[in-house]
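Observations on chain architecture
One-letter residues, chain by chain:
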Amino acid sequence: MDIRESLTEQFVEYGVDVGAAILDKCAEICLQHGVDAEKFVESWMAFSISNGNQEISLEVLAQMERKEFARSKSKDMPTPKGPSRQGARSSNVTVYNTSSEPVREDSILSAYSTPKTIFSAPGLVNAFVQRNRVEKINAELHTPESYAKKRTTAGRSPHMDFSPASFSPSVSTPSSNYSTRTNAGQVVADLGSLPSGASWKSQGPIPDLRVGSYTGHGQAPLSAEARYMYERLTTKACVLNDVVEWLGKEICQKHGLGEPDHLKLHSENFVGVGRICCDANGKLNSSSVLLEAARGHPSYGVTVPLNLSSVSQYAIFPGQVIAVEGTNPTAERLLATKVFSDAPLPLPSEPLKLSVATGPLHVVIASGPFTQSDNMKYQPLEDLVMYVQENQPHVLILSGPFLDCMHPQILDNGLLAVSFSDYFDKIVDNIMRPLAGCHTEVVLIPSSRDVQHQPVYPTPPYVLRKSHPRLHLLPDPALLDVNGIIFGITATDILMHIGREEVCNPPQGPDRLGRLASHLINQRCMYPLYPPPEELSIDVEMWDDHTHLPVTPHVLVLPSDFSRFLKTVQGSLIVNPGRLAKGSAGGTFVRMCIKPVVDESKSLVKSTCAQVVRI
């Protein structure tokens, strides 16, 4: 096989695109120094990583030749006193700064369970070096023949690769399950209909389009420099207590219940306010419900059991603030007859800055994970970017995780040759570079499941090493203002979290998904569940400052592992776009078309057409 063909295959294996001039230079170096294509590309990858992940160019190749191959050629000359090193290969990758004593190193390594620690270059994981050495002893690692071939998926651009160069073929092997799908573009749910003569492709940019955080409530959004997990127990208790007090009063005022009584007051006409709790460290059920009062007047923080057997309809979960009517015959157990938990806020009153002349507003929404569970190629995200290039919506909203901490190849961190932060920067570059000529504004919402980001909720916005025009980095949760249209967005699966803990009567009530979403509006909070599940770390002070809703958003974006849906709840459009990647298969995203016509209730439901589409 020609040296240029071999070099091309090796570079494709590592996800590196090279031009003709660079390929000629690589072939020249290989012929001049007697290096085969595989060893050359391995040496380039290690050299690039050790020098800050430099991009391949003629200048950098010349620098590599001077520093590495000229030096190695003089070192590899055979001498009378020692065996030649030309026939030996230290490992499947070139490793710098290693020991100069190769004799018996592999046999010593195989005799011990703890490997020798070797730092080859910044970003190269020691576990990978260990694995390569063990594999050299036992069996040679073979790359599948099909892997070196170029992808031939119809409609996919081979030069656009979301996966950075990696030392593991399994990371960048395309998913056959995804590439052979036949349902791409299928609409699985819809709401409303497109305006007459309109299409899903925007008519052009909207003049003076304003995209940013909603500031109508006067609260600054969560910043990337926020300090978390410094809260004191006393401060935490005060925050939770204050929520019971102010939200309990709002519920009583809405339903005309008057002043609440002490939870242990003997009364036949009783009104109480408190937070739902469980009487044990387990799942809430109808027999384990406690009502915890605020520490101030009139109940002074007491907790009493709550009997719901006489309530015909309710839906409760831990952390929910409620008001109850009933009796308290023994002053030790409340017998409720009615439960009130709703105090929704009105929709935003600010006028929308949309006009008939500019046409409808087009929005595309997708949620992570963005790659299948069997590779790190990000094929669904690549296809979504191609869709955005073609249709040019005005706003693209992407919520994490981008690098899911639960991804099998993230858990096996020895598979990657770059740091998680560098990997994420590469992903963002490959989103923004193709959209450079579009008018689309891109909004990124982080997730506490992002392995390269802060594992806390609320989650600060992403931090990138490179800035991009038309890119907006918001926290989780976020209130996004697009010309007066307010989007409430979270990357955290609050619907699933509440669904696991909710107790309702009747047990099989209608429209469960709509009811779960209504809890956020009724409790005026993007995450009203407390305590949270073990996998979510909440900073209560940040939660108090950045999760309460100042208004009911026009659109609530709640990505969930529940089935994707589009629903209307109390004038707000609830959107679950699903996941862009589900296991080894493709998932779904949402496209919206919002007409510049709003009814007197300020709701956008009658002016909006939305569809859930398979990627």
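Residues numbered from 1 in each chain as written. Predicted model: local features only at pLDDT ≥ 70, side-chain atom pairs only at ≥ 80, totals over all residues. Heavy atoms only, no water.

Points about the overall build of the chain
From N to C terminus, the chain includes 14 helices and 22 strands. The burial tally for the chain puts 52% of its 615 residues in the buried class. Surface exposure of the chain reaches about 28000 Å², of which carbon and sulfur atoms provide 51%. (Helix = DSSP H or I, 4+ residues; strand = E, 2+ residues; numbered from the N terminus. Buried < 20%, exposed > 50% of the residue type's maximum accessible area, 1.4 Å probe, protein only. Areas by Shrake-Rupley, 256 points an atom, 1.4 Å probe, with all protein chains shown as cover.)

A look at the nonpolar core
Tyr-527, Trp-543, Leu-558 and Ile-574 are the most contacted members of the largest nonpolar core, which totals 45 residues. Taken together, the elements giving at least two residues each to this core come down to α8 (233-255), β3 (267-278), β7 (321-328), α12 (494-501), α13 (512-522), α14 (540-546) and β17 (565-569). With seven residues, α8 is the largest single contributor of residues to this core. Setting aside chain neighbours within four positions, we find Tyr-527 in contact with Tyr-457, Thr-492, Ile-494, His-497, Pro-532, Pro-533, Leu-536, Ile-538 and Trp-543. (Core = buried A, V, L, I, M, F, W, Y, C linked by side-chain atoms within 4.5 Å. Contact = heavy atoms within 4.5 Å.)

Thoughts on the environment of Thr-337
Residue placement: Thr-337 occurs in strand β8 (residues 334-340). Sequence separation of Thr-337 and Val-324 is 13 residues, and the distance between their C-alpha atoms is 7.4 Å. If we skip the residues at most four places from it in the chain, Thr-337 touches Ser-310, Val-311, Glu-325 and Gly-326.

Quick notes on the sheet that holds β8
Pairing is mixed around the closed barrel formed by five strands, whose spatial order is β3-β4-β5-β8-β7. Across the sheet, the mean angle separating the axes of adjacent strands is 55° when strand polarity is ignored. The sheet contact formed by β3 and β7 spans seven bridges and is antiparallel. In the sheet register, Gly-272 faces β7, and the bridge partner there is Val-324. (Pairing = 2+ DSSP bridges. Axes fitted to C-alpha atoms, helices over the stretch in contact; angles between N-to-C directions.)

A word on the packing of helix α1 (residues 3-13) against helix α2 (residues 20-33)
Between α1 and α2, whose axes approach to 10 Å, the crossing angle comes to 110°. Comparing the axis directions of α1 and α2 gives the class roughly perpendicular. As for how α1 packs across α2, the hand of that crossing is right-handed. Between α1 and α2, the residues in contact are Ile-3, Arg-4, Leu-7, Thr-8 and Phe-11 and Leu-23, Asp-24, Cys-26, Ala-27 and Cys-30, respectively. For the contact of α1 with α2, the class distribution of residues is seven nonpolar, one polar and two charged. (Parallel < 35°, antiparallel > 145°, perpendicular 65-115°, else oblique. Left-handed = near helix turned anticlockwise from the far one by under 90°. Nonpolar A, V, L, I, M, F, W, Y, C, P; charged D, E, K, R; others polar.)

Structural notes on the packing of aromatic side chains
Counted by the stated rule, this structure contains eight aromatic pairs. Plain terms: the ring middles of Phe-424 and Tyr-462 are 4.6 Å apart, the flat faces sit at 45° to each other, and that makes the pair tilted. Here Phe-424 is found in helix α11 (residues 420-432), whereas its partner Tyr-462 is found in the loop between β11 (441-445) and β12 (471-473), with 38 residues between them in sequence. For the pair formed by Phe-424 and Tyr-462, the shared burial category is buried. (Phe/Tyr/Trp six-rings, centres within 6.5 Å; stacked < 30°, edge-to-face > 60°.)

Some words on the sheet that holds β17
Strand order in the open sheet formed by six strands is β2-β13-β14-β16-β18-β17, with mixed pairing between adjacent strands. A single partner strand is all that each edge strand has here, and the edge strands are β2 (211-213) and β17. For this sheet, the mean inter-axis angle between neighbouring strands, taken without regard to orientation, is 25°. Where strand β14 (residues 485-489) meets strand β16 (residues 555-557), three bridges bridge the pair, whose relative direction is parallel. What sits directly across from Phe-487, in β16, is Val-555. Packed onto the sheet, α13 meets β16, β17 and β18 (572-576) and runs at close to 55° relative to β17.

Let's talk about the pattern of salt bridges
Summed over all chains, the structure comprises 17 salt bridges. Close ionic contact of Arg-465 with Asp-422 constitutes a salt bridge, the shortest N to O distance being 2.4 Å. Within this pair, whereas Arg-465 is found in the loop between β11 and β12, its partner Asp-422 is found in helix α11, the two being separated by 43 residues in sequence. In this structure, Lys-567 engages Asp-511 in a salt bridge whose closest nitrogen and oxygen atoms are separated by 3.1 Å. Taken as a pair, Lys-567 in strand β17 and Asp-511 in the loop between β15 (503-505) and α13 lie far apart in primary sequence, 56 residues in all. Residue classification places Lys-567 among the partly exposed positions, given a relative accessible area of 22%. A network of salt bridges, in which partner residues are shared, links Asp-422, Asp-425 and Arg-465. (Salt bridge = Lys/Arg side-chain N within 4 Å of Asp/Glu carboxyl O.)

Notes on empty space enclosed by the protein
In this approach a probe as big as a water molecule rolls over the atoms, and the regions it shows empty are the leftover space. What the rule picks out here adds up to three cavities of 30 Å³ or more. The calculated volume of the largest cavity comes to roughly 90 Å³. Every residue lining the largest cavity is listed: Leu-240, Val-243, Leu-247, Arg-275, Gly-319, Val-321, Gln-523, Cys-525, Pro-528, Tyr-530, Trp-543 and His-548. Element by element, the count of residues in the lining of the largest cavity is highest for α8, at three residues. (1 Å grid on protein atoms, 1.4 Å probe; cavity = no way out; pocket = protein on both sides within 12 Å on 5 of 7 lines; lining within 4 Å. Points joined across faces, edges and corners; volume = space filled by probe spheres on them.)

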